[in-house]
Amino acid sequence: GVVRDTKKGQKAMDVFDRQTPLEERGLARARVTTIERGPRIVGSRGSFCAAEIPDPMMMPNLAAATFTSRYAGPVDRAAAAARTFAAAVAALAWLAFAPRPAVAAPDASHFTLANGLEVVVVPDHRTPVVTHMVWYKVGAADEQAGKSGIAHFLEHLMFKGTENNPAGRFSQVVAAIGGQENAFTASDYTAYFQRTAREHLETLMRFEADRMTGLVLTDANVLPERDVVLEEYNMRVANSPDARLGEQVAAALYLNHPYGRPVIGWRHEIEALNREDALAFYRRFYTPNNAVVVITGDVTADAVRPLVEKTYGKVPRIT
């Protein structure tokens, strides 16, 4: 059984110590503890607290099978270990399915500008920061046959600057204000994000709105970036046996389907990508009516909407 009285338990332990040789005590001895919050699981190495269980009567089978005597005789290590493991699994399973307090859904807002740009605002006032994201509804699955990797390649090229903001300026400003930025491409979307203090939100919007349709590409900045992508391919795929296997498995599973193409592209097709390919893909898919701006952090929809109208609202819709 479980010792619930500390004084009685200690007395029992003292008798046990005097009457039982050390070699027989071994792992049978366990600490005496009060069980005010519920029983603890006892195993071959003493008391093992997998979880605080409010009432063992809620799990009679578990209580009967696993809450062993703290002052038993010599312990069968294998059996005790098995009981302890079973108790831990049962306790964790109980915790996983225990009722949890309902969590209120975020107070998200959604609206659409006249040019078709969708905007989602999710307030979170715990810290005075904001995350600003632009999601384009295009990815590797939208690539033309023979041009695999162009969506990911264009993600790289989006940092090459515009007429108003030369290459590197956007990243320099984000770094100067203590922010973070990155981008990623998948089969069905491409996204760009920045995280900064909330007072810089308009600056982020201005930069992103500018490169939504104002990207300037030349062979001088496209061809070296293609080499960067090829090196990324070497690092992530060519030198990784599991990535190469995954690439072939996906191609076999998705025969004659765009999901069979790797997001980074097939190497021989990446090598052939050029400025014209990138611009054609950019002009077709990078438009306000094919994008969603998501802003979350210490903001409100009422404060965000004028900023969105002022920046993204000026970007022309492409049909």
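Going by the structure above, here's the rest.
Residues numbered from 1 in each chain as written. Predicted model: local features only at pLDDT ≥ 70, side-chain atom pairs only at ≥ 80, totals over all residues. Heavy atoms only, no water.

Student: Explain the overall build of the chain to me, using residue names and the numbers behind them.
Tutor: In terms of regular secondary structure, the chain is built from 12 helices and 8 strands. Residue pairs at least 24 apart in sequence account for 76% of intrachain contacts in the chain once pairs closer than 6 positions are excluded. Carbon and sulfur atoms make up 55% of the accessible area of the chain, which totals about 17700 Å². (Helix = DSSP H or I, 4+ residues; strand = E, 2+ residues; numbered from the N terminus. Contact = heavy atoms within 4.5 Å. Areas by Shrake-Rupley, 256 points an atom, 1.4 Å probe, with all protein chains shown as cover.)

Student: Which residues make up the environment of Ser 187, and what values do they have?
Tutor: If you trace the backbone, Ser 187 turns up in the loop between strand S6 (180–185) and strand S7 (190–197). On a C-alpha basis, the gap between Ser 187 and Ile 264 in space is 9.8 Å, while along the polypeptide they are 77 residues apart. Here Ser 187 is in contact with Gly 139, Ala 140, Ala 141, Asp 142, Tyr 259 and Val 263, once residues within four sequence places are set aside.

Student: Describe the packing of helix H5 (residues 150–157) against helix H8 (residues 219–238), naming the residues involved and giving the relevant values.
Tutor: H8 packs onto H5 with a crossing angle of 120° between their chain directions and a minimal axis gap of 10 Å. By the angle between their axes, H5 is oblique relative to H8. The way H5 lies across H8 gives a crossing that is right-handed. Of the residues in H8, those in contact with His 152, Phe 153, His 156 and Leu 157 of H5 are Asn 221, Val 222, Glu 225, Arg 226, Val 228, Val 229 and Glu 232. A per-class count over the contact of H5 with H8 returns 5 nonpolar, 3 polar and 3 charged. (Axes fitted to C-alpha atoms, helices over the stretch in contact; angles between N-to-C directions. Parallel < 35°, antiparallel > 145°, perpendicular 65-115°, else oblique. Left-handed = near helix turned anticlockwise from the far one by under 90°. Nonpolar A, V, L, I, M, F, W, Y, C, P; charged D, E, K, R; others polar.)

Student: Now, about the nonpolar core: what can you tell me, with residues and values included?
Tutor: Formed by 46 residues in total, the largest nonpolar core has its most connected members in Tyr 286, Ile 295, Val 308 and Tyr 312. Among the secondary structure elements, those contributing two or more residues to this core are strand S4 (118–123), strand S5 (129–136), H5, helix H7 (201–213), H8, helix H11 (275–285), strand S8 (291–297) and helix H12 (301–311). If we ignore the near neighbours within four places in the chain, the residues touching Ile 295 are Val 120, Val 121, Val 122, Val 130, Thr 131, His 132, Leu 201, Met 205, Val 304 and Val 308. (Core = buried A, V, L, I, M, F, W, Y, C linked by side-chain atoms within 4.5 Å. Buried < 20%, exposed > 50% of the residue type's maximum accessible area, 1.4 Å probe, protein only.)

Student: Account for the pairing of S7, naming residues and giving values.
Tutor: Counting buried positions along S7 gives 6 out of 8 residues, so the element sits mostly inside the fold. Note: S5 against S7, 8 bridges, orientation antiparallel. Residue His 132 lies in a different strand from S7, and its bridge partner there is Gln 194. In this structure, the hairpin formed by S6 and S7 is closed by a connection of 4 residues. (Pairing = 2+ DSSP bridges.)

Student: Give a description of the pattern of salt bridges that names residues and reports values.
Tutor: All chains considered together, the criterion is met by 12 salt bridges. Between Arg 305 and Glu 309 there is a salt bridge whose closest N-O contact spans 3.9 Å. Taken together, the positions of Arg 305 and Glu 309, both in helix H12 and 4 residues apart, correspond to about one turn of that helix. (Salt bridge = Lys/Arg side-chain N within 4 Å of Asp/Glu carboxyl O.)

Student: A description of the sheet that holds S8 should follow, citing residues and the corresponding values.
Tutor: Taken together, 6 strands build an open sheet; the order of strands is S3-S4-S8-S5-S7-S6 and the sheet is mixed. A strand with exactly one partner marks an edge of an open sheet, and here the two such strands are strand S3 (109–112) and S6. Across the sheet, the mean angle from the axis of one strand to that of its neighbour is 15°, orientation sign disregarded. Relative to S8, S5 is paired through 7 bridges, and the arrangement is antiparallel. Opposite Tyr 136, over in S8, you have Ala 291 as the bridge partner. H5 contacts S6 and S7 of the sheet and is inclined by roughly 165° relative to S6. Packed on one face of the sheet, H7 meets S5, S7 and S8 and runs near 15° to S5.

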